[in-house]
Amino acid sequence: MDREMKQEFNQQIVSFGKSCDQQTGLLHQLEFQDRLAALLRALSPNQEVALIWIDLVNLRREFSLWGWSGVEALVRGLAATLRSVVSPDALVGRVGDETFVVAMQASRNNQNSRKSIQSLVDALVPSRRIGTENSPEIAAGVAFFPLDAETPDDLARFASLAATRARYLKSKTVVGFEAEMNRLIMRDHLMEVEMRNGLDQGQFSLFYQAKVNLKTGQLLGAEALARWTHPEWGAVPPNEFIPVAERSDLIHRIFDFGLRTALTQVRRWREMGLHLPVIAVNASAANVREEDFAQSVKNILEEIPVGSTQVELEMTESLAFEDEELFAGRMRQLKALGVRIAIDDFGTRYTGFDLLKRLPVDTMKIDKCFIRGIERSPEMQSLCRTIIAMGDQLRMRTVAEGIETVGELDVLRGLSCEAGQGYLFGRPVAAEAFAGFADVPAAMRPELGFLAPQQLIKPEPVYRIA
Ligand code: C2E
Ligand code: MG
Ligand code: MG
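Values in this document were obtained by computation on a predicted structure and should not be read as measured data.

(A) Seen up close, the overall build of the protein chain. In terms of regular secondary structure, the protein chain is built from 16 helices and 15 strands. Counting only residues that meet the buried cut, the protein chain has 36% of its 466 residues in that class. Counting only contacts in the protein chain whose residues sit at least 6 apart along the sequence, the fraction spanning at least 24 positions is 65%.

If you want it as structure tokens, here you go:
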């Protein structure tokens, strides 16, 4: 090769490297962005552009199975297929290890456009690596310029939001962008920012709801429930902010806040002569999944000592369902600290008896959806009977959640359910109200067959050594 040719060759290589993904020869992100912007600028008023976002789901698993070479062959194959099915003037890029993008002229309200977009994605699905039966799952979304988005950035962002929805739905068809998708993600983001401020500025507090013995009405404990009062939005329900917190690191701060505040409160009540047998704090799957979860519980218990057997952590079944071994291991670590463990919302995920038998669980909380109107539903009665029998056999305490009516209470008593929680006995209230028993005992009326409220909370006996 003479010098000139070599230089020319090198220049070509460099310019290819600058604009194209080495592995697939598709445009890389910056080049795709530039060309997309130019394409949109050059568009005449009646033309539209579709941006199709194609995520290769589970490429990681392909890697675990076949290694780099396998993944490379697969991605190259998919890229070649993609290029062969789009028209020559379409832009095809690779904007991340797992993402292909295509920009082409197509209109949102045209059936044929939709069909050709779908067939383009369908062409990728049967692509298989030679010698294996594997092809990655594909999740694809599409957004249109200018109807959905008015800038190239938004167009890509919106197509990616649609692909995220496709991934969530495990949809085989290309999902079209909807304005709601953008609204939700922006709302989540805003809520996350405000939650971070709110935690710093003391906008969070705990409410406490009584758990009672269904036979005697005796107070068995309280569940601590997080409350967030935003200065402008007002009271944000936990069902709104907990899922947002779970998608970020905020869930760890919320757990930390919840456990610390609850333990401090228990000590304060104790000083006032109110002895609470058990305080329960909710822990999300995201908390339990953390490697050092048990250690952080231990640290807080050492910092704010209350008897560890007085502390119960409520966790939903979902984690047990996702990763049994991790869940069981974490529970054993927690049990070693002496804390009690409750399975919250039991029945919604159908944890089997065999799994439950292997877990060191102290309490099962029957989800409120099985309690609502139980007196009119033989099916729910029989389901609760089974859960209660299972709890008895495994020596667990069974708590029925969400008891609102005397009718529901009567049925649960008939089924020998040990404990209950619900508006009938008292709504979650602030610490002062709980201590004053202003709200909580109001429902513990003698006509429910309980003892009079004053007898329910006995001061802890004080011993004086003469
Ligand atoms: P959960 O742990 O199952 O808590 C019980 C929920 O049922 C509470 O809702 C409570 O106010 C409500 N409830 C109690 N009795 C009744 C009743 O008789 N009828 C009806 N309809 N509802 C009743 P809340 O406080 O809105 O909390 C909702 C969920 O948010 C909780 O469900 C829990 O999963 C989560 N959550 C609340 N605080 C925390 C927290 O500090 N950390 C975590 N990770 N999750 C929390
Ligand atoms: Mg709970
Ligand atoms: Mg629950």
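That was the structure; now back to the text.
(B) Just the nonpolar core, in detail. Core analysis: the biggest nonpolar cluster contains 71 residues, and A224, A262, I279, V281, L313 and I366 have the highest contact counts within it. At nine residues, helix α8 (residues 250–271) tops the list of elements feeding residues into this core. Excluding residues within four positions of it along the chain, A224 makes contact with L206, Y208, G258, A262, I279, A280 and V281. With 50 residues, the next largest nonpolar core counts L26, V75, F100 and L124 among its residues.

(C) Representation of the packing of helix α6 (residues 179–200) against helix α7 (residues 238–246) in the model. Running from amino to carboxyl end, α6 crosses α7 at an angle of 90 degrees, the nearest separation of the two axes being 10 Å. The pairing of α6 with α7 is recorded here as roughly perpendicular in orientation. Residues D188, M191, E192 and M195 of α6 form the contact with α7, whose own contacting residues are F241, V244 and A245. When the residues that make up the contact of α6 with α7 are grouped by side-chain class, the tally is five nonpolar, no polar and two charged.

(D) Spotlight on the sheet that holds strand β5 (residues 137–145). Taking strand neighbours across the sheet as the criterion, the six strands line up as β1-β3-β4-β2-β5-β6 in an open arrangement whose pairing is mixed. Every interior strand has two partners, whereas the edge strands, β1 (27–28) and β6 (175–176), have only one. As paired elements, β1 and strand β3 (residues 91–96) share two bridges and run parallel to each other. Bridging across to β3, L27 finds its partner in G93. In the packing of helix α2 (residues 29–41) onto the sheet, the strands contacted are β1, β2 (49–57), β3, β4 (99–105) and β5, and the crossing angle to β3 comes to about 140 degrees.

(E) Layout of the site of ligand 1. Close contacts around ligand 1 come from 24 residues, with A226, P238, N282, G422 and Y423 the closest. Breaking the shell around ligand 1 down by element, the ones donating at least two residues are β8 (219–230), α7, α8, β10 (279–283) and β12 (340–346). With three residues, the single largest contributor to the shell around ligand 1 is α7. Here the residues of the shell around ligand 1 sort into 10 nonpolar, eight polar and six charged.

(F) Examining the confidence of the model for the protein chain more closely. Confidence along the protein chain averages 88 in pLDDT terms, with 86% of residues attaining 70 or more. The low-confidence segment residues 438–443, where pLDDT is below 50, has 16 contacts with residues more than four positions distant or belonging to other chains. Within the model, the stretch residues 451–466 combines pLDDT values under 50 with 22 contacts to residues more than four positions away or in other chains.

(G) Spatial organisation of the environment of L219. Structurally, L219 is set in strand β8. Sequence spacing of L219 and V278 is 59 residues, and the spatial spacing of their C-alpha atoms is 9.4 Å.

(H) Seen up close, helix α3 (residues 59–85). Here α3 spans only 22 Å end to end across 27 residues, well under the 39 Å set by a 1.5 Å rise per residue. Along α3, the sharpest kink reaches roughly 120 degrees, centred on W66. Regarding α3, the residues found buried are E62, V71, L74, V75, L78, A79 and L82. For α3, the elements touching its buried residues are β3 and β4.

(I) Highlighting unusual backbone geometry. With an omega of 0 degrees, the peptide bond running from F145 to P146 counts as cis. Its place among the elements puts P146 in the loop between β5 and α5 (152–169). Look at N58: it is not a glycine, yet its phi comes out positive at around 70 degrees. The phi angle at R395 is positive, at roughly 55 degrees, despite the residue not being glycine. Structurally, R395 is set in the loop between α14 (378–393) and β14 (397–400).

(J) Looking closely at the pairing of strand β13 (residues 363–366). Of the two faces of β13, the one holding T363 and K365 and the one holding M364 and I366 are both buried throughout. Here β12 runs beside β13; their pairing, made up of three bridges, is parallel. Residue F346 lies in a different strand from β13, and its bridge partner there is I366. Taken together, β13, α14 and β14 constitute a β-α-β crossover, and its handedness is right-handed.

(K) Broad picture of the environment of L56. Assignment of secondary structure puts L56 in strand β2. In this structure, the C-alpha to C-alpha distance between L56 and E98, residues 42 residues apart in sequence, is 5.1 Å.

(L) Structural detail: the pairing of β4. Counting buried positions over the seven residues of β4 gives five, a clear majority of the element. Sheet topology note: the β2/β4 ladder contains seven bridges and is antiparallel. Bridge pairing in β4 places V49 opposite Q105. Across five bridges, the pairing between β3 and β4 is antiparallel. In the strand pairing of β4, V92 is matched with V102. A loop of two residues connects β3 with β4, the two strands running antiparallel in sequence.

Reading the values: the criteria
Numbering of residues starts from 1 in every chain and runs along the sequence as written. Each chain is given a letter, starting from A, and each ligand a number, starting from 1, according to the order in which they appear as written. Only residues with pLDDT of 70 or above have their local features reported here, since the model is predicted, and side-chain atom pairs are shown and tallied only from 80 upward, although totals for entire chains, interfaces and linings are computed over all residues. Numbering of helices and strands runs from the N terminus, with a helix taken as a DSSP run of H or I at least four residues long and a strand as a DSSP run of E at least two residues long. Any residue with 12 or fewer other C-beta atoms within 10 Å of its own C-beta is exposed, any with 20 or more is buried, and the rest are partly exposed; the C-beta atoms used are placed from the backbone. A pair of residues counts as a contact when their C-beta atoms, built from backbone coordinates, are separated by no more than 7 Å. Definition of nonpolar core: a set of buried Ala, Val, Leu, Ile, Met, Phe, Trp, Tyr and Cys residues joined via C-beta atoms within 7 Å. Axis geometry follows a simple rule: fit a line to the C-alpha atoms, using only the stretch in contact for helices, then measure angles between N-to-C directions, giving values from 0 to 180 degrees. In this scheme, roughly parallel covers angles under 35 degrees and roughly antiparallel covers those over 145, while 65 to 115 is roughly perpendicular and the rest are oblique. Lys, Arg, Asp and Glu make up the charged group, whereas Ala, Val, Leu, Ile, Met, Phe, Trp, Tyr, Cys and Pro make up the nonpolar group; the residues left over, Gly among them, are polar. The pairing criterion for strands is at least two bridges between them, as found by DSSP. Whether a residue is near a molecule or strand depends on its C-beta atom, generated from backbone atoms, being within 6 Å of that molecule or strand. On a scale of 0 to 100, pLDDT captures the predictor's confidence in every residue. Multiply 1.5 Å by the residue count of a helix minus one, and that product is the helix's expected span. At every residue, the bend is computed as the angle between two fitted axes, covering the seven residues ending there and the seven beginning there respectively. For crossovers, right-handed means that the path from the first strand over the helix to the second runs clockwise, given strands pointing away from the viewer.

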